[in-house]
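Descriptive structure summary
The residues making up each chain are set out below.
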Amino acid sequence: LGNPLSPVYRGELQGPGLGMDIAFVDEQGQPSVGERGELVCRQGFPSQPVGFWNDPEQQRYRAAYFERFPGLWAHGDFGRSCLHEHPKQMGIQIVGRSDAVLNPGGVRIGTAEIYRQVEQVDEVLESIAVGQRWQDDERIILFVKLREGLTLDTALEARIRQQIRNHATTRHVPAKIIQVADIPRTLSGKLAEIAVRNVIHGEAVNNREALVNPEALCLFEQARDALQH
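The present account deals with the structure reproduced in this document. All figures in this text were calculated on a predicted structure; none of them were measured in a lab.

**Describing the packing of aromatic side chains**
The relative placement of two aromatic rings is captured by the distance of their centres and the angle of their planes. For the structure shown, the criterion picks out nine aromatic pairs. Judged by centre distance (4.7 Å) and plane angle (75°), the rings of F143 and F220 are edge-to-face. Taken together, the residues span a long stretch of sequence, with F143 in strand β6 (residues 137-146) and F220 in helix α5 (residues 217-222) at a distance of 77 residues. In this pair, the class of F143 matches that of F220, namely buried. One aromatic cluster is present, formed by F45, F52, Y61, Y65, F66 and W73 through successive ring pairs. The lysine or arginine in question, R62, covers the ring of F66, its NZ or CZ lying 5.7 Å from the ring centre. The cationic tip of R139 hangs over the ring face of W134; the distance from NZ or CZ to the ring centre is 3.6 Å.

What follows is the structure in structure tokens.
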């Protein structure tokens, strides 16, 4: 969070909030200082919700936050701590949602790293990236919503790929880019990456009621044929 005492570094939060015993941990739940990891909180904190409505046994609540790492609150974000010259300064970078992280060729990629580059292409209003299971691996599929009246052609697709390649890595470049008329979002405004991933694999979406525009999922069902090759 922000505070008036610490220096500000571009692209970073200044540090954890008061009362937040946070850490970034690896797959085994061990702290990974300076490396990308899952954001967790190791103790109860002042703003922690006590539960969900209509969840008397707290099954949904615990599955949402404590199933990933027993005893640790997993917030669903992927980031790293950043150490600086000042001995008491620890900046924080958030690099995307960890519950929808991409993993092509065994390389973990936060979707925010891709969105940050696609946003630089004027023709694109918004985009959503998901991983598709493909030939015993995973490949990145990027869906884009363009400005009204525009169509995704070969030239625009090449510019999107070039923007991602030049400012991220070749691993970030999607295997396919597909135009859609709308992109589903949750009631809180977040991209519904997991719902889209389920749809392209022909799997059930169990939280349609949590979406502002669940009808948009039909657009991704229609795109399945284009994802078979």
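There's more to say after this.
**Here's the deal with the pairing of β6**
Extensive coverage of β6 is indicated by the burial of seven of its ten residues. Here strand β5 (residues 124-134) runs beside β6; their pairing, made up of ten bridges, is antiparallel. Across the sheet, the residue bridging to R133 is E138, located in β6. Between β5 and β6, which pair antiparallel one after the other, the connecting turn spans two residues, and Q135 there sits at a positive phi close to 50°. Taken together, β6, helix α3 (residues 154-167) and strand β7 (residues 176-179) form a β-α-β motif whose crossover is right-handed.

**Section: the pairing of strand β2 (residues 37-41)**
In terms of residue burial, β2 counts as a mostly covered element, since five of its five residues are buried. Taken together, the four bridges between strand β1 (residues 22-25) and β2 define a ladder with antiparallel strand orientation. Directly across from V25, in β2, lies its bridge partner E38.

**Considering the sheet that holds β5**
Taking strand neighbours across the sheet as the criterion, the three strands line up as β5-β6-β7 in an open arrangement whose pairing is mixed. Only two strands of the sheet have a single neighbouring strand rather than two, namely β5 and β7. The sheet shows a mean angle of 25° between the axes of neighbouring strands, taken without regard to direction. Across the sheet, helix α4 (residues 193-200) lies against β5 and β6, angled at about 50° from β5, the strand it touches most.

**Observations regarding the sheet that holds strand β3 (residues 73-83)**
Pairing in this open sheet of four strands is antiparallel, and the strands run β1-β2-β3-β4 from one edge to the other. Looking at which strands have only one partner, the edges of the open sheet turn out to be β1 and β4 (90-97). Taking each pair of neighbouring strands and ignoring which way they run, the sheet shows an average axis angle of 45°.

**A word on the side chain of S81**
Mapped onto the elements, S81 comes out in strand β3. Non-local contacts of S81, meaning those with residues more than four positions away in its chain, are made with F24, V33, G34, M90 and G91.

**Structural notes on the nonpolar core**
Among the nonpolar cores identified, the biggest contains 36 residues, and I114, L142, F143, V144, I160, V196 and F220 are the most heavily contacted of them. Among the secondary structure elements, those contributing two or more residues to this core are α2 (111-118), β5, β6, α3, β7, α4 and α5. What I160 contacts, discounting residues up to four positions off in sequence, is V118, V121, V124, L142, V144, L152 and I177. Listed in part, the nine residues of the second largest apolar core include C41, F45, F66 and I92.

**Side note on α2**
Burial of α2 is extensive: seven of the eight residues sit out of reach of the surface. For α2, the set of buried residues is T111, A112, E113, I114, Y115, Q117 and V118. Contacts from the buried residues of α2 go to β4, β5, β6, α3 and α4.

Definitions and limits used
Residues numbered from 1 in each chain as written. Predicted model: local features only at pLDDT ≥ 70, side-chain atom pairs only at ≥ 80, totals over all residues. Heavy atoms only, no water. Phe/Tyr/Trp six-rings, centres within 6.5 Å; stacked < 30°, edge-to-face > 60°. Helix = DSSP H or I, 4+ residues; strand = E, 2+ residues; numbered from the N terminus. Buried < 20%, exposed > 50% of the residue type's maximum accessible area, 1.4 Å probe, protein only. Lys NZ or Arg CZ within 6 Å of the ring centre and 35° of its normal. Pairing = 2+ DSSP bridges. Right-handed = clockwise from strand over helix to strand, strands pointing away. Axes fitted to C-alpha atoms, helices over the stretch in contact; angles between N-to-C directions. Contact = heavy atoms within 4.5 Å. Core = buried A, V, L, I, M, F, W, Y, C linked by side-chain atoms within 4.5 Å.

The values are spatial; any link to function lies outside them.
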